[in-house]
Number of protein chains: 2
Amino acid sequence: MSTQRIAIVGPGLLGGSIALALRGRPGFKTAIWARRPEAVEELKAIAIAGYAATNLPRVVRDADLIVLCTPVGAMPALAREIAATAKPGAVVTDVGSVKGALVVELGAIFAGKMRFVGSHPMAGSDQSGLRAARADLFAGAVCVVTPAADSDTAAVATVSAFWEALGCQVCQFSPSAHDEAVALISHFPHLLAATLLNVVAEQNAEAFGVCGPGFRDTTRVAGGAPEMWAEILASNSSAVRAALDATIAKLGEIGNILARDPSDPAILDFLTHAKTRRDALRLPPS
Amino acid sequence: MSTQRIAIVGPGLLGGSIALALRGRPGFKTAIWARRPEAVEELKAIAIAGYAATNLPRVVRDADLIVLCTPVGAMPALAREIAATAKPGAVVTDVGSVKGALVVELGAIFAGKMRFVGSHPMAGSDQSGLRAARADLFAGAVCVVTPAADSDTAAVATVSAFWEALGCQVCQFSPSAHDEAVALISHFPHLLAATLLNVVAEQNAEAFGVCGPGFRDTTRVAGGAPEMWAEILASNSSAVRAALDATIAKLGEIGNILARDPSDPAILDFLTHAKTRRDALRLPPS
C-alpha cells in the first residue's frame, strides 16, 4: 500500500491524539495545522507530525485525507479555504459532535471539489487541548461515520478505514440518526451531570464534602469545556430537549412511587432493568 | 499502644476490604464472621483475618471494636446477638448507607451494654462481595462518622481513629445531616443514573451502540446491586425525593431556555457554574 498523506486541522485533544497515534506508523505521513504560531512551535518541539504550520494551504495541499479537528464553529471558514487549495478529489472528514446541519454545510462547501464524509469518534475527555492528547485515545472507542445520501462510497470506505487504523470500532449512522443517538448518550447526559452539580450546590453545598467515587464518576463529564458544550447543546437542542422531557417524565413517575410507598417493588424493578442495561453495554476500556 | 481487637461482621466488599487493609498490620488483631460455612472456608483459604467463623459470639467476644458490615436489613438481629455476648463497653460501629433510623435502632439495642457510633465510609463500588474487596478501598476516601446526641465521646474518637488508620478522611455529621447530604451526592445520583439508562432504552436503544467514556462513567453506579439500592432509597426516601423534585424543577428551567433560544448565554452560565463546582470537588483517587 502506498503512503497516505493525512492533514490534521487543529491541534487540540482529538487532532493531537490522531497525530500521536500515527507518529512513526508506516503507511502514513502527517501534517498538522494550528492557528497560533506558538502552538506550531509547541508541535514542532514535540515532533508530533511530519510537518506543522499556520499556513493552511501548505498543510493540506498534498493531503489524501484531511481531518477537521477544530471547534465546530471554526470549521466552515477553514473548509472554504481548504476547498480552494486542496487536491481535487481529496477526502475530507471532521470530528464534530453534532452532524445534521454541519454535514449539510461542509458537504456544500466541498461539493464538486473534495469528497466530504462526517465522523464522530466517541473518545472525548473532560480535559482538552494538546496536553491531554494521547496516542491511545481512540483504542477501542466507537467512531460513528455519518455519510449523507450523496456521499461518495469510496470516500466513506477511506474514512472508515482511517478510524479503524486508529483502533476505533466504526459504525455508520445517518447524520440525523447520529444526532438523536448522541443526544441520548452524550449531550443530554452532559447537561444532566451539570444539573446534578448545580442542584447539590443550591440544596446543600456541604454535601460536596462527602463525595465518594460514585459522585466523582457520575459528574466527571461536567468538567468539560463549557463553551464547547454550550455550542453542542445549541446545535442539537431539539434532540436534547426530547431526552430532557423524557427524563423529567420518568423522574416524575419514580417520585410518585416513592411518595406513595418507598418500598414498592416497582423501584427494585426499575433499578434491576437499569442494571441489566448497564451490564449489557459494550463500553470503551477505562 | 496495645493491640486492638477488631471483629468484622460480614465478609462483603466493605468487610473484606477492612480485613485486607488490616492484614499483617501491627497493633490490630482481626476476627471475621460470615453467615455461611462456605464463606468462612473461603475466608480461611485466603487467610484474610486472624480468626473466621460462623459463630458470632466467638467472633465478637474479645473485640474492642465491632464493625457491622452486612446489609442494613440484617443488622438489628445481629446486633441483638452481639449485645448479649460482646464485652461490656466494647465500641460498635456499622457501615450502613442511611443513618437516621438505623442509628436510633442500633443505639437502643446496645444502650447500657456496648458503645455504638454509626459510620459511613464513602467507598463503594458497583461490584460487590468478597471478590471485589481491596486493601486500598478506603485510601483517600471520606468516612462520615455520625454520633447521636448521647454518643460516648471516647467511642467517637475510637471509631474515627479506626477509619483514619485505614486511610480515610474522617468528618462528623449528625445522622440526619448525613442522610440529607448523601441523598444528594449518592442516593439520588444512583437513581438518576438508572433513570438515564431506562430513558435511553425506551427512547432509542440503538444509541447504546455508540457509548463513549462519558456514558460509561455517568452510568457506572447503576451497575450496583439493585436489592441494596432499593433498600437504601426506601430508607432515605424523603431526602431522595427532595433531590428528585429539585432536579425536575432545574431540568424544567433549562428545557424552557433551550426551547426559547438554544444559544441563550444562560446555558453557558449554567455549564460554567457546574464546571466550577466540579473542579473544586475534593475527590477520592481514581
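Data block above holds the structure.
Residues numbered from 1 in each chain as written. Chains lettered and ligands numbered in written order. Predicted model: local features only at pLDDT ≥ 70, side-chain atom pairs only at ≥ 80, totals over all residues. Heavy atoms only, no water.

Another point: the sheet that holds strand β9 (residues 169–172) of chain A. Residues and elements named next belong to chain A. Here three strands make up an open sheet; going across it, the order is β7-β8-β9 and the pairing mixed. Single-partner strands in this sheet number two, and they are β7 (118–121) and β9. Averaged over all neighbouring strand pairs, the angle between strand axes comes to 25°, with direction disregarded. Helix α6 (residues 153–165) contacts β7, β8 (142–146) and β9 of the sheet and is inclined by roughly 170° relative to β8. (Pairing = 2+ DSSP bridges. Helix = DSSP H or I, 4+ residues; strand = E, 2+ residues; numbered from the N terminus. Axes fitted to C-alpha atoms, helices over the stretch in contact; angles between N-to-C directions. Contact = heavy atoms within 4.5 Å.)

On the chain A side, the residues contacting the 86 residues of chain B number 86 residues. Together chain B and chain A conceal approximately 7,900 Å² of surface at their shared face, both sides included; 72% is due to carbon and sulfur atoms. In this structure, R220(A) engages D217(B) in a salt bridge whose closest nitrogen and oxygen atoms are separated by 2.6 Å. Seen at the junction of chain B and chain A, the total is 18 residue pairs in polar contact (both at pLDDT 80 or more). If you list the elements that add at least two residues to the side of chain B that touches chain A, you get β8 (142–146), α7 (175–204), α8 (213–218), α9 (226–235), α10 (237–260) and α11 (265–280) of chain B. Of the residues forming the side of chain B that touches chain A, the biggest block, 20 residues, is contributed by α7(B). Across the side of chain B that touches chain A, the residue classes break down as 52 nonpolar, 21 polar and 13 charged. (Buried area = accessible area lost by both parts, 1.4 Å probe. Salt bridge = Lys/Arg side-chain N within 4 Å of Asp/Glu carboxyl O. Polar contact = N/O pair within 3.5 Å; in protein donor to acceptor, adjacent residues only side chain to side chain. Nonpolar A, V, L, I, M, F, W, Y, C, P; charged D, E, K, R; others polar.)

All names here are of chain B. Read across the sheet, three strands follow the order β7-β8-β9 without closing on themselves; strand pairing throughout is mixed. Looking at strand neighbours, the two that pair on one side only are β7 (118–121) and β9 (169–172), the edges of this open sheet. Strand after strand, the sheet turns through a mean of 25° between neighbouring axes, direction not considered. With four bridges joining them, β8 and β9 adopt parallel strand pairing. Its bridge partner being in β9, C143 is matched across the sheet by V170. Relative to β8, helix α6 (residues 153–165) is tilted by about 170°, and along the sheet it contacts β7, β8 and β9.

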